[in-house]
Each structure stands twice: as structure tokens, then as C-alpha cells.
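# Per-entry structural report
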Amino acid sequence: MERSSTVRGHGMTAGALLTARAEVVPLDDHRVGTALDGLVDGSGYWSGSGALAGIERTARYLAGTWKPATPDEGPGTAGEGSWARFIGRIGAVAFRAAVEPTRDERRRRLLALLEIWADSPFAEPGSRMRTGLVRVAGGAPAAVRDERGAAVAVGWAAGGLRRFVDLRTGEEDPPSLGAIEEVRDVPRGGWGSAEQVRRLVHLVQERGPVPWDLDAVAVLRDGTGMGRAAASFALAGMLACGYLPRLDDTERKIHRLKVAEIEDGVREPGRMGSLDRLELAADVLPEDPAQLWEPHGMRAVAERIGQGWLERYGRRTVVPERTFSAVIELHPSRLSAGRFCAAFTDHAAIRGLGSNLDTWIRNSDFRPFPTAEDWGLVDFGDTLRAVVPNLFWVYAELPAGDPVRAGAPGLVRALQERLNHPGLLLDAGSLSHAVGRTVADVHDRFGSRPYVGPEPLDVASVDDGLTVVVDGTVDRRGARSQPELYFRPAFHGDDDRSRTLLAARAGSRYDPELGLVEWLRGPACARIVERIEGAALPSGSYETNPVVSAPDVLGQVVGELGIDEDAAALYLQLLTLRAPSDRNIRMWNGWKAARHQKAGAVLVERGLVIEDKRARAGRQLFLPGEWIHAGKPYQPMEAWKAELLGVERSYNGRLENPLPLPTRTLPELFAHAWELVQGAREPSP
């Protein structure tokens, strides 16, 4: 094959050996990093060109088939060097290169890398190789070789440390680039011999990519409980947060996913790192790659991915597809639909929910903040902030018997148990300007005893047992931020310390966790849990349908207005429900369009509602009176209903504030709305 030794315009100096494969030269640009996105780190380091050449020259230097022009010249870098993890795990790259959803321009680069790999010692099972970190001195060479073997630095130096790969050819350890800080043997024994890699490349070039199998996606989803989008991405070797937003129209059609599903699927892996993604897909290909093109080839791969997922993360309860889609539309902040559902169905397995959290306050450049081991507090906080504001939706708009709805009482109890642990610290927002601007200003309220934790704080603090106040930090301009308040929910209640905390943050609109804690312990939450656990609703029915959830109130409406039960139910729903779209009403009530229209006609004839067309309403029937607009994701609604639900208008008069935490169950809300109508406070023009 032709050797290209003088190539300009590809990030290499004239005369440098770019690659042993002339046809690879046009591919060796910054788009190699895009093709590997999610499997490598440091995307910014992959923005240059020459990655394929850097990997090839590293391999050839280790094998002794390439010699630099000068003693100080190294093979060059490919990204920040995390590609070295591919040694022993190249199956993940091969898997992505083989499947249909990978777009062609990325596939060509992946196949080029695999061809280079197959000719390298990286694909030789008998190679004695290690990777690690080495501390290098200034001016140290990027590669060394002697009779014992060779070592090459990959990536850039950071804090004096460089990632390296070495190959031993003698009995002793190979030469080193400096003081080795960390070292490990590369994994061996899995998929990725030179013969397997070459065969897969040949099959893709000969037959085209492996045809997509939607049944295999279902196998993976049902076997793990992950969402359909995440299962589809995992089966394409694309379970990576940075990779998916760049899907083109062809890829989306292959996956058969909507934009909202794609965005949700990107978030489902959470904090899954590039090494996790590599290891999940490294050994899922069959020993003979030709089996991928067999009728059930991808289903076998799905089973192997599923087994790896279960070993790492456990199995989630599979929720109905309709529920999963509804949660995607709900778009709970911070959590994907899969993680949101799992909080209800499998809360004991959620980090931060299954056991108590011991937290402490640590320093940072921004401000001191509470932390815990292994991201437990972050996961707990994410769950708390996503679940509590949407608990009413789960209770009201999912049917009786749904596993997510049925899991709500257990989740509430788990949250309450974690909140009762004395070692938990949560965020209470910033100190009110009216109270003070430094910790010294609040000694009369919180005392003078400083916070004591595992590490001394860089700023002043006070701790009264319930509340910890820490001074803000000073920025480069000399401005000090407002003190922050943290609290131990186990000691928050109806006492002087709690009232002092509430007063200290009075007027603060930023209330991340204090209000959620109070609501979880309050009577409205208890009554909602009681409704879910009760036997009032038949399986499959909805609390939003007053026929089954509030029959007494419904009977009063029928009797006093002289209308039939269907019209009375629809009137109560239009009075009280946040989003009584035509689609929702028919789902909740089990109605066909004709029945819905007949009930609506009765209300229009009686002057109880009006017909109209309004943006983002999804219905034609409205209460009389003012209509308040809202931008996504907020819900527009009638002014009368907004007041009933306690939704505040934003500065521009629109409904662009979140729904307040509920104070009533739905039967209570139906009853309250009807009481207002009876008291001559009904909606009116």
C-alpha cells in the first residue's frame, strides 16, 4: 500500500510520516474525535487533526517499526490520550462501526482506526502492555526504547503527569519516561484479536452495516428496564451524552425516536463515564462477527449488553410505554424519564435513597457547600427536587395500578426516612439582605459557635444545631457574595430555631429544598399517599375522573345544575385540572370523541363554558373570563383556575412560574371548586 511521507495541510509538518495508508489521509481530521465521542474524554483536545496518524505511529514505535527523525521527536498525540483505554476494549469501537445508525462519515473513520489497530501490537493477545500515569520532568522525551521494550507518552502533560503506554519485550520492566505514579496491565482475553477486527472491517465493507433490529431494542429495554431511547442508543454503541445531539435525520429515522425521546435518552445514563461505556460494549460482539448479520444477531448482542448493564446497575422495573412517554412530556428537571420512574419503582436502589447520607460542608472556589461520598447527596438532591414538585402529577394523572403511581407511598416514606437522619445537610438558600450581609451580623440569631467538620472552612461560619450559616466568598473584584444557609432537616419543625431559620431567609425566592421538606412532612402529602394506598379507585381508572374519585361532588353538580353525569364530570374537570386537553379528558374518562363532544355541547348550551381556539391548550372548551398565556414548559390556563390552583403570574403577567405544591387532594379540589361556584364565585366573563 502506498506510503504518504510528504503531506501538507493536515496538521503535520512537511516530511513527517502521516500514516502508512494513503487513503486514510483525508479522514485524519478533527472529525475522528466526533466519531469517537462518548468513548474518549476531553473533546476539545480532539479538535485538531492527525489523530489516526498519532495512534498508528505510537503502535509502530512500540513495535519497533517506526523510528523518529530525531531523538526528541515522539509519535505525536491523539486527543488527550484516553484512546489508550481501547487496548483490550476495542470491541466497543468495532461495535459502533458495524451498526446501521452510525452515519457513514463517522463509520469510515472508525473503520480506518480499526484497520490501523489490527496491524498493531494493541490487537496481539500476547503483547505485554501497560498503561498508566508518569511524572515527567521538563524536556523529558515523549518516547523511549531499549532492549527491554518501549514506552510512549500519549496526550498532553497536566500538572507534570502524562498518560503513557509501554510494551515489554524482555524479562524486566520496559524503560520509563519518568517516575511512574500509576500503572496497570491492559485487559486481555476479550473480543478484539487482529483476526476478529480485520474480519469485522471486511464484512462491513462487503455487506454494509448490520441492519437495525427494533425487536432487539425491545429485548434490551424489557431486560433492563431502561427507556426505549436509551436502549436504542446502547444497542448502537452510542450511549454517550455528547454524541447524541448531533444525530442527523437518517439516524433519527433508523432509531424511530422523536426529538423529546432523544433528549431524554441522552440524559438517562446520568454520570456514566467514557470508561463505563467502553466496558459495557467491549465484549458484546460475537466471536465470529458474521453472526451479526444473521436474523437474530442483534438480539444476541442486546442480551449481552443487558447482562452487562444488570451487573453494573441492576434491573429497573419495566413501566408501561404510555407512562414512560407521559413522563418524557412532563420533562422533570434534572432526571431522565427512566431515572424518574426508577425513583418510584426501585427507590431502594437509587443512590442517596436506599440508606442514610452523612454529609459535611467542604470548601470550593465558588462557596462552601454540603457534600457526601460517591455523589450520594447530588443524587438525593436531584431526586428530591424532581420528584416532590411532580408527585401530584403522578398521583393524579397516572392510573390506579400503574407501577410508578403505586410506588409513590414507598418513595415518600424513603425520603422522609432520609430527612430524619441527623447527619443530612440541605440547602436553605441565601441569607436575606434585610437580616445581614456577613456571619457576624447573625450572631444574635444563630449564636457564635462555628461549624465543625472534617475540614476547616475558609470562611466564617456559625452553627446552632439546625442551621449552618457560612460567609460568602470574595470574587476578583473584591465583592463578597451573600452568606448561605444550610439546615439539618432532622431538626426542622415547629420550634424557635426553625422560626429563626425561616425569618432569616424571608423574601428569598430561591427556596431549593426547605419548602420541599416541609411539604413532604405536611398533611397534604399524607392525604395524597392515603388516596394512592386506598381502594377507592378501580384498577386502570384515574383520580382526575370525578365519576370514580369524587362521586358525591359529582352528584351535587348533577342535581343542582340539572345536567347529566358526563357533562357534570367534564365541568368539574374544566374547573380544576391543570391541563384538561381533549386527549387527556378522553384518556381519563375512557371516552370516545362523540361522547366528549356531546357532554361539551350541554355545557356550552347552558353557558357554563365557551368554545374557542387557543394556543397550547389542546382543547376547544374554556371557562368564561380572562385567559392567561404561558411559554413552555408552563401551562396557559384561565385566570379563575390559576387563582384556584395558586399559580402566580410572572413579572410580564404570564403564567411562567411553577405550580405551587398542592394543599388538597383531587376530590378535595373538586369539592372546593364546586363550593366556589355555589357561592356565586363561578367563572364569569
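Calculation notes
- Residues numbered from 1 in each chain as written.
- Predicted model: local features only at pLDDT ≥ 70, side-chain atom pairs only at ≥ 80, totals over all residues.
- Heavy atoms only, no water.
- Axes fitted to C-alpha atoms, helices over the stretch in contact; angles between N-to-C directions.
- Helix = DSSP H or I, 4+ residues; strand = E, 2+ residues; numbered from the N terminus.
- Parallel < 35°, antiparallel > 145°, perpendicular 65-115°, else oblique.
- Contact = heavy atoms within 4.5 Å.
- Nonpolar A, V, L, I, M, F, W, Y, C, P; charged D, E, K, R; others polar.
- pLDDT = per-residue confidence, 0-100.
- Salt bridge = Lys/Arg side-chain N within 4 Å of Asp/Glu carboxyl O.
- Buried < 20%, exposed > 50% of the residue type's maximum accessible area, 1.4 Å probe, protein only.
- Core = buried A, V, L, I, M, F, W, Y, C linked by side-chain atoms within 4.5 Å.
- Pairing = 2+ DSSP bridges.
- Arc of directions from axis to C-beta.
- Expected span 1.5 Å × (residues − 1).
- Polar contact = N/O pair within 3.5 Å; in protein donor to acceptor, adjacent residues only side chain to side chain.
- Phe/Tyr/Trp six-rings, centres within 6.5 Å; stacked < 30°, edge-to-face > 60°.

The subject of this paragraph is the packing of helix 10 (residues 274-281) against helix 11 (residues 297-313). Orientation of helix 10 relative to helix 11, taken along the N-to-C sense of each, is 135 degrees, at an axis distance of 9 Å. Comparing the axis directions of helix 10 and helix 11 gives the class oblique. Residues Asp276, Glu279 and Leu280 of helix 10 lie in contact with helix 11, whose contacting residues are Ile305, Gly308, Trp309, Arg312 and Tyr313. When grouped by side-chain class, the residues that make up the contact of helix 10 with helix 11 number four nonpolar, one polar and three charged.

What follows concerns the confidence of the model for the protein chain. Summing up the model confidence of the protein chain, the mean pLDDT is 90 and the portion of residues at 70 or higher is 95%. For the protein chain, strand 3 (residues 149-158) is the element with the lowest average pLDDT, namely 86, and helix 24 (residues 565-576) is the one with the highest, namely 98. Every residue in residues 1-18 is under pLDDT 50, and counting partners more than four places away or in other chains gives 36 contacts.

So, about the pattern of salt bridges. Under the definition given, this model contains 47 salt bridges. Where Arg316 meets Glu268, a salt bridge forms, and the shortest distance between an N and an O atom there is 2.8 Å. Highlighted residues: Arg316 in the loop between helix 11 and helix 12 (321-330) and Glu268 in the loop between helix 9 (259-267) and helix 10, separated in sequence by 48 residues. You'll find Arg316 and Glu268 in the same group, each marked buried.

Further remarks concern the nonpolar core. Counting residues in hydrophobic clusters, the biggest one holds 93 residues, and the most contacted among them are Phe344, Phe380, Leu415, Leu426, Tyr571 and Leu603. Per element, the largest residue contribution to this core is eight residues, and it comes from helix 24. Not counting residues up to four positions away in its chain, the partners in contact with Leu603 are Ile563, Ala567, Leu570, Tyr571, Leu574, Leu608 and Val609. Grouped together as the second largest cluster of nonpolar side chains are 86 residues, Ile90, Ala118, Met129 and Leu292 included.

We now examine the side chain of Asp264. As for its placement among the helices and strands, Asp264 is situated in helix 9. Ignoring anything within four residues of it in the chain, the contact list for Asp264 reads Phe324, Ile328, Ser336, Ala337 and Gly338.

Pairing is antiparallel in the open sheet, where four strands are placed in the order 8-11-10-9. Taken across any chain shown, the strands that pair with only one partner, and hence form the sheet edges, are strand 8 (426-430) and strand 9 (461-463). When the angles between neighbouring strand axes are averaged without regard to direction, this sheet yields 20 degrees.

The subject of this paragraph is the sheet that holds strand 3. On the basis of which strands lie adjacent, the open sheet formed by five strands has the order 2-3-4-1-5 and antiparallel pairing. Among the strands making up the open sheet, the edge pair consists of strand 2 (143-146) and strand 5 (179-185). For this sheet, the mean angle separating the axes of adjacent strands, direction not counted, is 20 degrees. Relative to strand 4 (residues 161-168), strand 3 is paired through seven bridges, and the arrangement is antiparallel. Its bridge partner being in strand 4, Val152 is matched across the sheet by Val165.

What follows concerns the pairing of strand 4. Note on strand geometry: in a regular strand, side chains alternate between the two faces of the sheet. Summarising the sheet, strand 1 (residues 128-135) and strand 4 pair through eight bridges and their orientation is antiparallel. Within strand 4, the position partnered with Val134 by the bridge is Arg162. Here strand 3 folds back onto strand 4, and the loop between the two strands holds two residues, one of which, Gly159, carries a positive phi near 65 degrees.

Time to look at unusual backbone geometry. The bulk of non-glycine residues show a negative phi, and the bulk of peptide bonds are trans. With omega at 5 degrees, the peptide bond leading from Lys632 into Pro633 counts as cis. Take Pro633: it is sitting in the loop between strand 14 (627-628) and strand 15 (637-638). With phi around 65 degrees, Trp375 is a residue other than glycine that occupies positive phi space. Of note, Trp375 is situated in the loop between strand 7 (369-371) and helix 14 (376-387). Positive phi, normally seen in glycine, also occurs at Arg616, with a value near 60 degrees.

What follows covers helix 21 (residues 523-533). What helix 21 keeps buried is the set Ala524, Cys525, Ile528, Val529 and Ile532. Axial view of helix 21: buried residues confined to an arc of 135 degrees, hence all on one face. Opposite the buried face of helix 21, by more than 90 degrees, sit the exposed residues Pro523 and Glu530. Packing partners of the buried residues in helix 21 comprise helix 15 (391-397), helix 16 (403-406), helix 17 (408-419) and helix 20 (514-520).

Two elements in contact, helix 24 and helix 26 (residues 593-605), have axes separated by 8 Å at closest approach and are oriented at 80 degrees. The pairing of helix 24 with helix 26 is recorded here as roughly perpendicular in orientation. Contact residues: Asp566, Ala567, Leu570, Tyr571 and Leu574 in helix 24; Arg595, His596, Ala599, Gly600, Val602 and Leu603 in helix 26. By residue class, the composition of the contact of helix 24 with helix 26 is seven nonpolar, two polar and two charged.

What follows is about helix 4 (residues 104-118). For the α-helix, the turn length of 3.6 residues means that residues three or four positions removed from each other point alike. Over its 15 residues, helix 4 runs 21 Å from end to end, which matches the ideal 21 Å to within 8%, given 1.5 Å per residue. Here helix 4 lies mainly inside the structure; eleven of its 15 residues are buried. Those residues of helix 4 that sit buried are Arg106, Arg107, Arg109, Leu110, Leu111, Ala112, Leu113, Leu114, Ile116, Trp117 and Ala118. Structurally, helix 4 contributes buried residues whose contacts are with helix 1 (31-35), helix 2 (51-63), helix 3 (91-98), helix 5 (194-207) and helix 8 (249-255).

Further remarks concern the side chain of Arg162. Positionally, Arg162 belongs in strand 4. On the basis of relative accessibility, which here comes to 16%, the residue Arg162 falls in the buried class. Polar contacts involving the side chain of Arg162 include one to the main-chain carbonyl oxygen of Gly155, which spans 2.5 Å.

So, about the packing of aromatic side chains. Scanning all chains against the criterion turns up nine aromatic pairs. Ring geometry for Trp117 against Phe122: centres 4.7 Å apart, planes inclined by 40 degrees, an arrangement best described as tilted. Here Trp117 falls in the buried class, since its relative accessible area comes to 0%. Through pairs of rings, three or more aromatic residues link up here, namely Trp83, Phe86, Trp117 and Phe122.

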